[in-house]
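What follows is each chain in one-letter form.
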Amino acid sequence: MRVLVTGGAGFIGSNFALRARERRPEWQLTVIDAMTYAANRASLEPVLTTGEVALVEGNIADAALVDGLVADHDVVVHFAAESHNDNSLDSPWPFVESNVVGTFTLLEAIRRHGKRLHHISTDEVYGDLELDDPARFTEQTPVNPSSPYSATKASADLLVRAWIRSFGIEATVSNCSNNYGPRQHVEKFIPRQITGILQGVRPKLYGSGLNVRDWIHVDDHNDAVIAILEQGRLGETYLIGADGERNNLEIVRMLLELMGKPADWFDHVDDRPGHDLRYAIDSTKLRRETDWQPRYGDLHAGLAQTIDWYRTNESWWREAKVAAERTYERLGR
Ligand code: NAD
Ligand code: DAU
């Protein structure tokens, strides 16, 4: 099977390429990535140097390029997106271009060539839940996005659903909760705090620190994507989550403990505007219809592995860290 991976030089896409090589070595992978600030060629180095994966540097909104690539592959796994909420509040246009126009461009090529698409999305399209609400998101939850990022992801999801219904394309969609693990950009919460602590900087909690995210290891997310590609029903949406609800303060305390710092060694900073309170995923449908189960049940152990990775791969993140902290300084966070 020839698989085109969009956004495969980013966090989840590069981990997908590495995981697929391990679990499905017979697949032929091509990555298309615009190599934005969020991409890192080094993430793919092990599979690029051996020729196991080909990297095409290009934009998914480039219709001619995308048309040729889609024609030459059997399946497209679509990770490419602008992915950071804080950036979307600062400058929304790149989010509209990559997430909406980019997805539209792919859909048109998929329709022309009759290929299979798996569209990667986020639980943030459903908006947020109250802290004391026992409810979790399901496939039936109506979309209700809060930020420019989540609004563009919801728009992309709706385009995919419309292309399924109106044009009969062969596609599936998954909405996953917050990922953590190796190769995540240092602008994101967990790697920002790990790399900060390694440099002697106290963690920064937005607002109260009581906002809840539902954490999943990136390998568990990618295993679910493989399960959906092989066992999912065409036209369906699947929610991916590993029952990992924690508030941000709890995460910071775990990192401090694992890294040998006092439990109160952090600061509160200004809150993110419109900051979603809580996300929570009910992944019953995925577990019922496929054989997927998360392997990283223990968040503590997963975070310890992630800390080790950042500790031993400083050259991977050093430059990006300087740029990310410059942006945060300008945003006052
Ligand atoms: P990331 O920012 O680390 O990687 C995104 C990649 O897409 C980058 O390599 C970037 O260069 C590339 N890209 C962006 N715009 C492009 C364009 N127009 N053309 C080609 N390439 C482009 O993001 P991530 O965290 O790996 O997220 C990947 C996908 O998973 C996104 O669709 C995101 O919405 C979704 N998702 C992320 C999470 C999470 O917790 N990180 C959770 C659920 C869903
Ligand atoms: O839920 C899935 C989503 O998770 C994905 O769709 C997004 O692409 C991904 O970026 C992530 O979005 P969040 O906004 O939840 O992730 P982020 O890492 O930016 O922040 C996680 C939480 O931590 C959030 O409540 C904000 C808070 N935070 C973040 C940073 C960077 C802090 O308290 N301090 C920080 O320094």
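Residues numbered from 1 in each chain as written. Chains lettered and ligands numbered in written order. Predicted model: local features only at pLDDT ≥ 70, side-chain atom pairs only at ≥ 80, totals over all residues.

## Thoughts on helix H11 (residues 299–312)
No. 1: Under the 1.5 Å per step criterion, the end-to-end length of H11 is 20 Å for 14 residues, consistent within 8% with the ideal 20 Å.
No. 2: Listing the buried residues of H11 in full gives Leu299, Gly302, Leu303, Thr306, Ile307 and Tyr310. One side of H11 holds all its buried residues, which, seen down the axis, span an arc of 140°. Residues of H11 that are exposed and point over 90 degrees away from its buried face: His300, Ala301, Arg311 and Thr312.
No. 3: Looking at the buried positions of H11, the neighbouring elements they touch are strand E7 (179–180), helix H7 (189–198), strand E10 (216–217), strand E12 (245–247), helix H9 (248–258) and helix H12 (314–331). (Helix = DSSP H or I, 4+ residues; strand = E, 2+ residues; numbered from the N terminus. Expected span 1.5 Å × (residues − 1). Buried ≥ 20, exposed ≤ 12 C-beta atoms within 10 Å, placed from the backbone. Arc of directions from axis to C-beta. Contact = placed C-beta atoms within 7 Å.)

## Focus on the site of ligand 1
No. 1: Every one of the 32 residues lining ligand 1 counts as a neighbour, but Gly7, Gly10, Ala38, Ala39 and Ala81 are closest to it.
No. 2: Those elements that place two or more of their residues in the shell around ligand 1 are helix H1 (11–23), strand E2 (28–33), helix H5 (93–113) and strand E5 (116–122).
No. 3: Partitioning the shell around ligand 1 into residue classes produces 15 nonpolar, 14 polar and three charged. (Near = placed C-beta within 6 Å. Nonpolar A, V, L, I, M, F, W, Y, C, P; charged D, E, K, R; others polar.)

## Some words on the UniProt feature "domain: NAD(P)-binding" (unreviewed entry) in the chain
No. 1: As recorded in UniProt, the feature "domain: NAD(P)-binding" (unreviewed entry) lies at residues 4–296.
No. 2: Helix makes up 39% of residues 4–296 and strand 18%. Its end C-alpha atoms lie 27 Å apart. (UniProt positions renumbered as here; feature names shortened; annotations may be inferred.)

## Remarks on the site of ligand 2
No. 1: The immediate surroundings of ligand 2 are formed by 19 residues, with Ser83, Thr122, Lys188, Phe189 and Tyr206 found nearest.
No. 2: Broken down by secondary-structure element, the contributors of at least two residues to the shell around ligand 2 are H7 and strand E8 (204–206).
No. 3: Of the residues forming the shell around ligand 2, the biggest block, three residues, is contributed by E8.
No. 4: Considering only residue class, the shell around ligand 2 consists of four nonpolar, eight polar and seven charged.

## Overview of the environment of phenylalanine 79
No. 1: Its location among the elements puts phenylalanine 79 in the loop between strand E4 (75–78) and helix H4 (85–90).
No. 2: Residues phenylalanine 79 and threonine 306, 227 residues apart in the sequence, show an inter-C-alpha distance of 21 Å.

## Observations regarding the sheet that holds strand E11 (residues 237–240)
No. 1: An order of E3-E2-E1-E4-E5-E6-E11 is seen for the seven strands of this open sheet, with the pairing classed as parallel. Edge positions in the sheet fall to strand E3 (53–57) and E11, since each has one partner strand and no second. Strand-to-strand twist in this sheet, taken as the mean axis angle between neighbours without regard to direction, amounts to 20°.
No. 2: Taken together, the five bridges between E2 and E3 define a ladder with parallel strand orientation. Among the inter-strand pairings, isoleucine 32 is bridged to a residue of E3, identified as valine 56.
No. 3: In the packing of helix H6 (residues 148–167) onto the sheet, the strands contacted are E5 and strand E6 (170–176), and the crossing angle to E5 comes to about 150°. (Pairing = 2+ DSSP bridges. Axes fitted to C-alpha atoms, helices over the stretch in contact; angles between N-to-C directions.)

## Let's talk about H9
No. 1: Buried within H9 we find Asn248, Ile251, Val252 and Leu255. One side of H9 holds all its buried residues, which, seen down the axis, span an arc of 95°.
No. 2: Elements in contact with the buried residues of H9: H7, E8, E12 and H11.
No. 3: Following H9 by one or two positions, glycine 260 adopts a phi angle in the positive range, close to 70°.

## Examining the pairing of E2
Consecutive side chains of a regular strand alternate in pointing toward one face of the sheet and then the other.
No. 1: Two strands pair when backbone bridges link them, and strand E1 (residues 2–6) and E2 are joined in this way by five bridges, in the parallel orientation. The residue of E2 that forms the bridge with valine 3 is leucine 29.
No. 2: As for the winding sense of the linkage, the β-α-β connection from E1 through H1 to E2 is right-handed. (Right-handed = clockwise from strand over helix to strand, strands pointing away.)

## Quick notes on unusual backbone geometry
No. 1: In this structure, methionine 35 is a non-glycine residue whose phi angle is positive, near 50°.
No. 2: Relative to the helices and strands, methionine 35 is located in the loop between E2 and helix H2 (45–48).
No. 3: In the Ramachandran plot, aspartate 243 falls in the positive-phi region, its phi being about 55° despite a non-glycine side chain.
No. 4: Turning to its location among the elements, aspartate 243 is positioned in the loop between E11 and E12.

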